[in-house]
Every structure is written in C-alpha cells, then in structure tokens.
Amino acid sequence: MPAYKRILLKLSGEALMGDDAFGINRNTIVRMVEEVAEITRLGVQVAVVIGGGNIFRGVAGGSVGMDRATADYMGMLATVMNSLALADTMDKAGLVARVMSAISIEQVVEPYVRPKALQYLEEGKVVIFAAGTGNPFFTTDTAAALRGAEIGAEIVLKATKVDGIYSADPKKDPSATLFSAITFDEAMAKNLQVMDATAFALCRDQKLPIKVFSIIKHGALKRIVLGSEEGTLVHI
C-alpha cells in the first residue's frame, strides 16, 4: 500500500546526462521512466518538475555577461526540451504524459492550467511541469515547491546524485553523517543546502515535506513511495 497518493518529483537536468558531459543520455532517461512507471502502477499520482542544466550549461559559456532575465528564459526553454524528451520516453513506456508549460508555447506544449493539471492527475496521467515558474530569478526548485503546493502533493521528492542530506559534503569530509530526518529549522540552522532559500521557505510555510534521495539508486523511488527508510526527510 503506497504511503502517498500524490507526489511531486523534482528531477535535475543534470540527472538526465548520465555519464555524458551534457544533453540527455538515452539509457538514463529510460531507467528513470521505468522507476516512475513502477510507482504509477501502484496507483500513485505523479507530477514532475525538471531542470535544464544538462542543456543550458552546455551553452552557458555564451551567457557570460548576459542579462540575468534573458539567461533565465533560456534556462526555461531548456526545461521544455527536457520535458518533451521525458514525455516521449514515458509514452513509449506505456505511460500517458502531459507537458504543461508556465510560458506560452502552444504549438509545442499546452499552457499550465491548474484545474486541467488536477484532472490529468486524477485520470492517472503523469503531468510534467515545464518552464519553471515562468518568471526569471526563480529556480526550478521553487517551481517544484510552488507546483507541489498548488496540486496538493503530499510530499516533494527531490532526486539528486547523493542518497540524502549529509552533515557535510561527503566527497570532502569522510566523517560526514547522513540524516534520516531533519526539521526545516534544523536544516536552516545548520545551513544545509537542501533547496534554494525561496523553495525551502515555501515548503516550510505550506507544511510540505521534502524527501531528498538518490535517483541513481535502483528502486529508491518505489521504496520511498511504499514508506521504507530511504534518503532524508525534511519536515516541520
């Protein structure tokens, strides 16, 4: 029996690269979609927010000295590309996915409309939220917190390359310990970089827990949904 009925899964664009320098690694995206398919088969409603770092950082050298808002809009378009790739892979895996964009590109993807998103989720479709919040100066972490709150998700699952939140950077400090759970206030006091400050504050204010886990670990997403110990839970 799943522990959650509706989740918001936050994927970084970098997670799609696999071992590649940039872009989308085919095997990596297929494996991620298989993990999502497993939990949809359990009846869990899944919404996804994805970053654009795998594409935009590939061209980011050209953004040096660029106006911040312009660079952010380029990043948003990168998330639309990732969302289309994710939806296409999901469709091929037998899932029904819908991409909804916070900026209007109606020939390519439909605009984000909250009631429509809720309807899709109720119908068992995977909803992929593209283009962040639609505003510059906000990250896709903030988009994940915002959309998670809007759709009434029970938890934000932040997929990373590490298996949770540590007391220090485990790559630099071998004695760093993994937290199984931590409160929002503790995470702030310890200055642990869970999400950017805006996203973190929004989750805290909305009492929306965050689970940080490794997307590289096979089956981690399913174990979390089934209520097993995995990753780090950030709670009130």
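Refer to the structure presented above.
Conventions used here
- Note on numbering: residues in each chain are counted from 1, in written sequence order.
- Local features in a predicted model are, by the rule used here, given only for residues with pLDDT of at least 70; side-chain atom pairs are given and counted only at 80 or more, and totals for whole chains, interfaces and linings are based on all residues.
- Side-chain numbers here rest on the full set of heavy atoms in the structure, without hydrogens or water.
- Helix numbering and strand numbering both begin at the N terminus, where a helix is a DSSP run of H or I of at least 4 residues and a strand a DSSP run of E of at least 2.
- Atoms counted for the radius of gyration: C-alpha only. Globule rule: 2.2 Å times residue count to the power 0.38.
- Burial status follows relative accessibility: with a 1.4 Å probe on protein chains alone, a residue under 20% of its type maximum counts as buried, one over 50% as exposed, and anything between as partly exposed.
- Contacts were defined at the residue level, with two residues in contact if any of their heavy atoms lie within 4.5 Å.
- Exposure was quantified through the Shrake-Rupley algorithm and a 1.4 Å probe, taking into account, for residues, occlusion by the shown protein chains and nothing else.
- Counting rule for charge: Lys and Arg are taken as positive, Asp and Glu as negative, and neither His nor the chain ends is counted.
- Working definition for charges: the position is that of NZ of Lys, CZ of Arg, CG of Asp or CD of Glu.
- A cavity here means a set of 1 Å grid points, computed over protein atoms only, where a 1.4 Å probe fits but cannot escape. A pocket is an open set with protein on both sides within 12 Å along at least 5 of 7 lines, and lining residues have an atom within 4 Å of a point.
- Grid points are joined across faces, edges and corners, and a volume is the space filled by probe spheres set on the points.
- Under the scheme applied here, ten amino acids are nonpolar (Ala, Val, Leu, Ile, Met, Phe, Trp, Tyr, Cys and Pro), four are charged (Asp, Glu, Lys and Arg), and all others, including Gly, are polar.
- Side-chain atoms within 4.5 Å are what join buried Ala, Val, Leu, Ile, Met, Phe, Trp, Tyr and Cys residues into a set we call a nonpolar core.
- Definition of a polar contact: a pair of N or O atoms within 3.5 Å, with one able to donate and the other able to accept a hydrogen when the atoms are protein atoms, and with sequence-neighbouring residues admitted only if both atoms are side-chain atoms.
- Strands are labelled as partners when DSSP assigns at least two bridges between them.

S.K.: Mind showing me how you'd approach the overall build of the protein chain here?
M.R.: Within the protein chain, the secondary structure is distributed over eight helices and nine strands. Relative to the globule expectation of 18 Å for 236 residues, the C-alpha radius of gyration of the protein chain, 17 Å, shows essentially globular dimensions. Going through the 236 residues of the protein chain one by one, you find that 51% of them count as buried. Residue pairs in contact within the protein chain that sit at least 24 positions apart in sequence constitute 73% of those at least 6 positions apart. Carbon and sulfur atoms make up 54% of the accessible area of the protein chain, which totals about 11,000 Å². Seen as two clouds, the 25 positive and the 26 negative side-chain charges of the protein chain have centres 2 Å apart.

S.K.: What exactly am I supposed to notice about the layout of surface pockets here?
M.R.: Any empty space left between the atoms is revealed when a probe the size of a water molecule rolls over them. Quantified by volume, the largest pocket comes out at close to 630 Å³. Going through the elements one at a time, α2 (53-59), α3 (68-92), α5 (140-150) and β6 (155-160) are the ones with two or more residues in the lining of the largest pocket. The greatest single-element share of the lining of the largest pocket, amounting to six residues, is contributed by α3. A breakdown of the residues in the lining of the largest pocket according to their chemical character gives seven nonpolar, 13 polar and eight charged. Of the voids in this model, the second largest pocket is the one considered here, and its volume is about 300 Å³.

S.K.: What is the right way to read the nonpolar core from this model?
M.R.: Across soluble globular proteins, you tend to see nonpolar side chains buried next to one another. With 39 residues, the main nonpolar core has L9, L11, L86, M90, I128 and F213 as its most contacted residues. Among the elements of the structure, β1 (6-11), α1 (26-40), β2 (45-50), α3, β3 (97-101), β5 (126-130), β6 and α8 (220-225) are those that each provide at least two residues to this core. For this core, the element with the highest residue contribution is α1, accounting for six residues. Contact partners of I128, with chain neighbours within four places excluded, come to V48, S83, L86, A87, M90, A97, R98, V99 and M100. Formed by 32 residues, the second largest nonpolar core is a distinct cluster that contains A47, L121, V127 and L208.

S.K.: Hey, could you run me through α5 in this one?
M.R.: In terms of burial, α5 is largely enclosed, as eight of its 11 residues are buried. For α5, every residue scored as buried is listed here: T140, D141, T142, A143, A144, A145, R147 and G148. The inward-facing, buried residues of α5 contact β1, β2, α3, β5, β6 and α7 (197-205). Two to three positions downstream of the cap, the backbone nitrogen of D141 sits 3.2 Å from a side-chain oxygen, assigning the N-cap of α5 to T139. Backbone geometry just after α5 places G152 at a positive phi near 70 degrees.

S.K.: Would you mind going over the pairing of β5 with me for this structure?
M.R.: On any regular strand, side chains alternate: one points to one face of the sheet, the next to the other face. For β5, a buried count of five out of five residues is recorded, marking the element as mostly surrounded by other parts of the structure. The pairing of β2 with β5 spans three bridges and is parallel. Considered in β5, the bridge of V49 is made with F129. Pairing of β3 with β5 involves five bridges; the strand directions are parallel.

S.K.: Before we go on, may I ask you to explain the sheet that holds β1 in this structure?
M.R.: Backbone-to-backbone hydrogen bonds join strands into a sheet, with any given pair of strands oriented parallel or antiparallel. Taken together, nine strands build an open sheet; the order of strands is β4-β3-β5-β2-β1-β6-β8-β9-β7 and the sheet is mixed. Strand pairing shows two members of the sheet lacking a second neighbour, β4 (110-111) and β7 (181-183), which therefore form its edges. By the bridge criterion, three bridges tie strand β8 (residues 210-214) to strand β9 (residues 232-235) in an arrangement that is antiparallel. Considered in β9, the bridge of V212 is made with T232.

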